[in-house]
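# Structural features, examined
One-letter residues, chain by chain:
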Amino acid sequence: MSVTPAAAPGAAPDVAGRVPHHVAIVMDGNGRWARQRLLPRVAGHRAGMETLRRVIGWSVQRGVRVLTVFAFSSENWNRPQDEVGAILRLMVQALMDEVPRLDEAGVRLHVPGSREGLPSALVDGIAEAERRTAGNDRLMLNVCFNYGGRWDIVQAAQALAARGEPITESSLSATLALAHVPDPDLVIRTGGEQRISNFLLWQIAYSELFFTDRLWPAFDEAEYDRALAAYAQRQRRFGRTPEQVQASRVA
Ligand code: IPE
Ligand code: IPE
Ligand code: MG
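Rules and cut-offs
- Residues take numbers from 1 onward in each chain, read along the sequence in its written order.
- Whichever chain is written first is A, and whichever ligand is written first is 1; the rest continue in order.
- Totals for whole chains, interfaces and linings use all residues, but because this is a predicted model, local features are given only for residues with pLDDT of at least 70 and pairs of side-chain atoms are given and counted only at 80 or more.
- With hydrogens and water stripped out, all remaining heavy atoms of the structure feed into the side-chain values.
- UniProt positions are given in the numbering used here, feature names are shortened, and annotations may be inferred rather than shown by experiment.
- Only protein chains enter the area calculation, which uses a 1.4 Å probe; residues under 20% of their type maximum are buried, those over 50% are exposed, and those in between are partly exposed.
- By definition, any uninterrupted DSSP run of H or I lasting at least four residues is a helix, any uninterrupted run of E lasting at least two residues is a strand, and each is numbered from the N terminus.
- Paired strands, in this sense, are two strands between which DSSP finds at least two bridges.
- For each residue, the test is whether any non-hydrogen atom lies within 4 Å of the molecule or strand; if one does, the residue is near.
- Here a polar contact is recorded for every N or O atom pair within 3.5 Å, except that within protein the pair must consist of a potential hydrogen donor and a potential acceptor, and residues adjacent in sequence are included only if both atoms are side-chain atoms.
- The Shrake-Rupley method, run with a 1.4 Å probe, gives the accessible areas here. Residue values count only the displayed protein chains as cover.
- Residue classes follow a fixed rule: Ala, Val, Leu, Ile, Met, Phe, Trp, Tyr, Cys and Pro count as nonpolar, while Asp, Glu, Lys and Arg count as charged, and any other residue, Gly among them, counts as polar.

As recorded by an unreviewed UniProt entry, the chain carries the name Isoprenyl transferase and is attributed to Tepidimonas fonticaldi. The heading Function (unreviewed entry) in the UniProt record of the chain holds the text "Catalyzes the condensation of isopentenyl diphosphate (IPP) with allylic pyrophosphates generating different type of terpenoids." UniProt lists a comment for the chain under the heading Sequence similarities (unreviewed entry), and it reads "Belongs to the UPP synthase family."

Here you go:
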């Protein structure tokens, strides 16, 4: 017997049945948020961490199964050394503070990205967090750190070449850092910029995009629901005609 499940608490009323399986977020605007408050940029990164904690909870409540966030890009090494150092330390601290809570909530953590240049405390912390949460399946959380879409494609191509395997769409997809999850359905970027900044390149071929001016530390539940509602209104065609999509939905 199948029953229609009641809407999850807090679910946006108009997204019933059309919740994205995989949401990816470019968490941008921490620095500007801090500057507006005459605070150092690192205060913005700290506040951004709080936002991420809340977004994880809202995602679970709404039935999102995979959440992928961009925390530190390959190009962010070009920032002033003290900001880079502060971000690396924040990440080590966040792993120590948050992993027990994530584990308890049934969240599985994965950190896609290069380990090159990361301090050993961070490399070890990531490995331990991934190991500890490996059995969880309530939400798959990917925190892309020292990640770049170009790095990802190159490392996958190099791995296939080293193994002497043919490079095809499916073999490359299966070797990327996000091979363990389907492609994102919805990509959200906060902070007002309408660009990808070397986030997932291969995987967003058919993702729906949502840009908001809201700075990441100020991203709230209502804005998240606006993004989910916008997604629910989109018709994903994957190259087909609207009529074909309509017909396949009825069938
Ligand atoms: C995003 O916020 C966090 C990282 C890139 C690490 P920013 O630090 O880029 O904030 P803005 O864009 O300067 O406001
Ligand atoms: C993208 O933000 C990277 C992260 C959010 C981690 P940036 O602030 O680095 O992007 P650009 O430089 O404005 O394109
Ligand atoms: Mg930025």
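### Notes on the pairing of strand β5 (residues 186-189)
Burial along β5 is two-sided: Leu186 and Ile188 and Val187 and Arg189, pointing in opposite directions, are all buried. Where strand β1 (residues 22-26) meets β5, four bridges bridge the pair, whose relative direction is parallel. In the strand pairing of β5, Val26 is matched with Arg189. Across four bridges, β5 lies against strand β6 (residues 208-211) in parallel orientation. If you follow Leu186 over to β6, its bridge partner there is Glu208.

### Re the pairing of strand β3 (residues 107-110)
Burial along β3 is one-sided: the face carrying Val107 and Leu109 is buried and the face carrying Arg108 and His110 is not. Two strands pair when backbone bridges link them, and β3 and strand β4 (residues 139-147) are joined in this way by four bridges, in the parallel orientation. Bridging across to β4, Val107 finds its partner in Leu139.

### Details of the site of ligand 2
Close to ligand 2 lie Val26, Met27, Asp28, Phe70, Ala71, Phe72, Asn76, Arg79, Arg189, Arg195 and Ser197, which account for all nearby residues. The side chain of Asp28 places a nitrogen or oxygen atom 3.1 Å from an oxygen atom of ligand 2. Arg189 places a side-chain nitrogen or oxygen 3.3 Å from an oxygen atom of ligand 2. When ligand 2 is considered free in solution it has 390 Å² of accessible area, and contact with the protein chains removes 78% of it. When residues in the shell around ligand 2 are grouped by element, the largest group, three residues, is from strand β2 (residues 66-73). Of the residues assigned to the shell around ligand 2, the class counts are five nonpolar, two polar and four charged.

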